[in-house]
Each structure stands twice: as C-alpha cells, then as structure tokens.
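A closer look at the structure
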Amino acid sequence: MRLLVHFMIASLLAALPQAASARDGEGWVVSWTGSVQGPYPVGNPSAQPDQKFAFPDPATGARNQTFRLMVRPDLWGRQARIRLSNAFGKQPVTFDGVYVGLQSSSAALLRGSNRPVTFSGKPTITIPPGGSAWSDPVALPFAKQPDDLAGRRLAVSFHIAGDSGPMTWHAKALTTSYVTAPGAGAKGALEDESAFLYTTASWFFLDAVEMTAPTDAFAIMAFGDSITDGTASTMNGDDRWPNVLSRRLKALHGNKVAVVNGGIGGNQIAGPAEYGPDKPFPGGPASGRRLDRDVLALSGISSLIWLEGINDFSKNGNASTDQVIAAMKDGVDRLRKKWPHLRIIGATVVSALGSSSAAHGFPEQDAKRKALNDFIRTSGTFDGVIDFDKTTLDPQSGGLRPEFVPDSTTGGAGDKLHPNRTGYLAMGQAIDLNLFKPGRASRTAKSKD
C-alpha cells in the first residue's frame, strides 16, 4: 500500500508544470496544443495514411518503437517543456529517449539541434492510465533569436519501452509526423530520417508544448470541434482559421502572442454522457469534461474563443438547444470561477444545411443552430462575439457560400459542412483584433465580487 501511495504522489507531481528556470522578465506561455482523445483508432483523422504497418494491433499500441511528431509552436522561446499524456490508456506507458529538435525536412532534423528531455531530472518516465507529465525545461540553443523561427516545426521524439497498450492520440493533426517500425527500439537521438519508415497524420501521446516568453506575452485558445480542428483545410498548410488569426496578430505583436488549437473533430458540448478508454466516441469527451486539461492546466492564456454546437444537433448528438445552452453556460461559469481574468469570446456556428454528411444537413439541425447563435449573440454570456455565421452564410441557399465548399485537404466536392481553406481564411480575417488587446480583462470578471 505504501508503494502505491508513493507511486500516486509521484504521478500527481509529474502532472504538474515544473517550476521554470526562466530568465528574469520571462514566464511560461503555451505555444502548441493537440487536445487528446481515444484510444486510437477511435477518432476522425483527415488524409490518414494506412497505419497497419506502424500499428498492427491497436490493443498492443506502440511496441518498442519511436515517434517523431512534428508540431508548429506558435510562439518560440529559448526554453521549452512538453506534456506527455496517457489520458485514455489502459496500462502504464514508459517513455524514454525523449528529444526535441528543429525539423529540417521530412523526418530529418537540423544538424546539432536535437536536445535530450528529462522528467524530474531523469531520462525516463512511466505515466499511469489517466495521467500526464510535464518535462523539465530544456534549453533550445538554436533559438538564439526566437523571432527568426516563426513557422518552423519542432520535432518531438520519444521511445515507447515495451508495449504501450491503447494509445491516447489526437486524430486530426493535418500535419505529417513519423514513426519507426515496431520493435525498432530507441531512435530519438538520431537526426537523420532513416529509421522513421512510416508516416501518420495524427499526434500520439503529446498534447502540449510551452515556451519561455516575455511576461507581456499571451496566448489565445481556440476551442471547439472539427471547424476549429481544420477539417477540409490543406494538409501541412496551417490554414485553419486559428492559424489565420495568429498571423494577423503576429503582424501587430510579433513573437509575443500564440493562438493554440483546442479543437477535436466531432466534438460536442452536451455529450457524450460517458467517455473513456472502454467507451470512446470519435468526437472525444464532451467539451466540459476537457476544460481542466485542455485549458486550465496551461500557461498564459488570456482569451478563449468557443466555436461549437453543430455536432450536438447532428444525428450523432440529438441534443436540444436548451441542453447545449445549459452546458455552454456551465462551462463558461467554471472557467470564470477558476480564471476570472479570462476573456471568453462566443463564436456563432456556421451552417451545415444541405450537407452530404449522413448525420448533418437537415432543417431541424439548422433551426437549433440558429437558436444557439441567437443565444451567443444576445445573451450577454460572453465578453465578445465573433459572427462566423454571417461571414460564411450564403443567403440564397442557407448553407455555406459556394466558394467555401470544395475540400482543400484531399480534393473533391466538399461536404457543405466544413469550410475549406478559402472559408477558413475569410473566418480568420473577419475577427476583430480589438477583442484581444493585451491586458484587456474580462468585463464579466470585473463585474463579479
């Protein structure tokens, strides 16, 4: 029993961000996120290569193999830390051979950039089912001028010792990452691509990266479903609407702002009622069940944009407008109670009328969507409103504007549910940047006790 208690305490401490050895005048700011779901293969990936050679048996998961995941930090610093997650695993997972480096191209790294990562001073960590762990700070000597790294990708490599069992993942990365063959062993120290035989369009186990930044730097969380996750935008193009917003803000603030993506394809506000490794759902856990992990456990977030609801009203969700509004209000209340400074921006839900998706596109769904949008616009629940519906709506059809329909990820006709790159560009351009002025506090928080 004593050993079990010590193990639980160690796991709890590992899940907490480590005290930073940041320079004077700097602090931690979240720079990238990939909200977790699962276990693999339950989810909604886009443009996914065949995974049967990399992961022959989902129950076994990764088997003595190394991942090299490519992520694009939205803010760079001279130090980084990463969070590994086993949130939806069924057994402890041991990670070793953990490195971070700068991608050159494909799975190859910039020579000399790869740096070892430790956890409480050790090169290995075992994360229990349901747990997560922050790494120690790791210096990035290639980030002497962090501004110069805008748009570059950080390569996060780690080895799974033994079998992982069912894998926690983020299905829709829209970014190419790499993995070795099963049984290949620890290859994260290598800077060439030769060991990384297979590609994946998903992220596994890694769900957050933070960077040191000036104390006036800040992050914005884009929170929602596939329309935030980026379905139908371009593969490896960083063309989601949060990416567009980030580029506009960086023109004003430089390397002092990050827009991070908390979208999960298929996510709902009011459902599902149950979620876990034994009862997964392709859209991930209900939004309220992931606020602590995906928002409140991260550093430097000053604003949150919430765009969600269309899946609640689909044939997969079947929720009423009142249920969705109640769940959204509960989430807003919880966020404000824990983070009174947070500005919460409501975003209106775009039309799916006429969608070719079997679960979407019917008139009853659209009526509920319009009622939710009326609540978002007029209830006073939010500190500001972004009217994506107005930007994307075709008044003639009541659906998406025709130029926003063709799919940009894989080509094809599109589904009249997800805007394409053109639509996401319009959405990102329509956002009023005055909503995110640094130091602007929540007006609702100001009115509280």
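Structure report, in brief. Keep in mind that what you see is a predicted model, and the values were worked out from it rather than measured.

Turning next to the pattern of salt bridges. Evaluated as defined, the whole model comprises 25 salt bridges. Between arginine 293 and aspartate 294 there is a salt bridge, with the nearest N and O atoms lying 3.6 Å from each other. Owing to a relative accessible area of 21%, arginine 293 belongs among the partly exposed residues under this scheme. Judged by relative accessible area, aspartate 294 falls into the buried class, the value being 3%. Overlapping salt bridges, with partners in common, bring together Asp366, Arg369, Lys370, Asp374, Arg377, Asp387 and Asp389 in one network.

This part covers helix α5 (residues 321-338). Taking 1.5 Å per residue, 18 residues should reach 26 Å; α5 reaches 26 Å between its end C-alpha atoms and fits that length. Among the residues of α5, Thr321, Val324, Ile325, Met328, Gly331, Val332, Leu335 and Arg336 are the ones counted as buried. One side of α5 carries all its buried residues, which in axial view fall inside an arc of 130°. For α5, the exposed residues set more than 90 degrees away from the buried face come down to Asp322, Asp333 and Lys337.

We now examine the pairing of strand β3 (residues 79-85). Regular strands have side chains that alternate between both faces of the sheet. Along β3, 7 of the 7 residues are buried, which leaves the element largely enclosed by surrounding structure. Here β3 shows two buried faces, one formed by Gln79, Arg81, Arg83 and Ser85 and the other by Ala80, Ile82 and Leu84. As judged from the 5 bridges shared by β3 and strand β15 (residues 206-214), these two strands associate in the antiparallel manner. Bridging across to β15, leucine 84 finds its partner in leucine 206. Pairing analysis gives 3 bridges linking β3 to strand β8 (residues 132-134), with the strands arranged antiparallel. Pairing of serine 85 across the sheet is with serine 132, part of β8.

Phe67, Phe95 and Phe158 are the most contacted members of the largest nonpolar core, which has 80 residues in total. Contact partners of phenylalanine 67, with chain neighbours within four places excluded, come to Phe55, Ala62, Val156, Ser157, Phe158, Ile160, Met167, Tyr178, Val179, Phe196, Phe204 and Phe205. Phe218, Ile227, Trp241 and Leu245 belong to the second-largest nonpolar core, a separate cluster that totals 24 residues.

Turning next to the pairing of strand β4 (residues 93-105). Sheet analysis places β4 next to strand β7 (residues 125-127), joined by 3 bridges and oriented antiparallel. Following the sheet pairing, threonine 94 is matched in β7 by threonine 126. Looking at chain direction, β4 and strand β6 (residues 115-116) are connected through 2 bridges and run antiparallel. Within the sheet, the bridge partner assigned to tyrosine 99 lies in β6 and is proline 116. In this sheet, strand β5 (residues 108-109) lies alongside β4 in antiparallel orientation, the contact comprising 2 bridges. Bridged to serine 105 within β5 is alanine 108. Where β4 folds back onto β5 in an antiparallel hairpin, the turn is made up of 2 residues, including serine 106, whose phi is positive at roughly 50°.

Position of asparagine 243 relative to the elements: it lies in helix α3 (residues 241-253). Assessed through its relative accessible area of 9%, asparagine 243 is described here as buried. When neighbours within four sequence positions are excluded, asparagine 243 is seen to be in contact with Arg72 and Asp238.

A few words now on the side chain of arginine 240. Structurally, arginine 240 can be placed in the loop between α2 (226-229) and α3. Of note is the side chain of arginine 240, whose polar atom sits 3.2 Å from the backbone oxygen of aspartate 229.

It is the contact of α3 with helix α8 (residues 421-429), at a shortest axis distance of 8 Å, that shows an interaxial angle of 45°. Viewed along their axes, α3 and α8 adopt a mutual orientation that is oblique. Remark: the crossing between α3 and α8 carries right-handed chirality. Note on element contacts: α8 touches α3 through Tyr424, Leu425, Met427, Gly428 and Gln429, opposite Trp241, Val244, Leu245 and Arg248. Its residues assigned to classes, the contact of α3 with α8 comprises 6 nonpolar, 2 polar and 1 charged.

The rules we used
The numbers attached to residues start from 1 for each chain and follow its sequence in the written order. In keeping with the model being predicted, local features are shown solely for residues with a pLDDT of at least 70 and side-chain atom pairs are shown and tallied solely at 80 or more, while totals for entire chains, interfaces and linings include all residues. Water and hydrogen atoms were dropped before computing side-chain values, which therefore reflect all heavy atoms in the structure. Basic side-chain nitrogens of Lys or Arg form a salt bridge, by our definition, when they fall within 4 Å of a carboxyl oxygen of Asp or Glu. Remark: exposure states derive from per-residue accessible area (1.4 Å probe, protein chains only) relative to the maximum for the residue type, with buried under 20%, exposed over 50%, and partly exposed in between. Secondary structure follows DSSP: runs of H or I at least 4 residues long count as helices, runs of E at least 2 residues long count as strands, and numbering of each begins at the N terminus. Working rule for helices: expected span equals 1.5 Å times residues minus one. In this context, the arc is that of the directions from the helix axis out to the C-beta atoms. Paired strands are those between which DSSP finds at least two bridges. Each nonpolar core is a collection of buried residues, namely Ala, Val, Leu, Ile, Met, Phe, Trp, Tyr and Cys, held together in the definition by side-chain atoms within 4.5 Å. Contact definition: two residues touch when any of their heavy atoms are within 4.5 Å. Polar contacts, as counted here, are pairs of nitrogen or oxygen atoms within 3.5 Å of one another; within protein the pair requires one atom able to donate a hydrogen and one able to accept it, and residues that are adjacent in sequence qualify only if both atoms are side-chain atoms. Note on definitions: angles span 0 to 180 degrees between N-to-C directions of axes, and those axes are lines fitted to C-alpha atoms, for helices only across the stretch in contact. If an angle is under 35 degrees, it is roughly parallel; if it is over 145, roughly antiparallel; if it lies from 65 to 115, roughly perpendicular; otherwise it is oblique. Helix crossings are classified by the rotation of the near helix relative to the far one: an anticlockwise turn of less than a right angle makes the crossing left-handed, while a clockwise turn makes it right-handed. In the scheme used here, Gly and all other residues not listed as nonpolar or charged are polar, with Ala, Val, Leu, Ile, Met, Phe, Trp, Tyr, Cys and Pro taken as nonpolar and Asp, Glu, Lys and Arg as charged.

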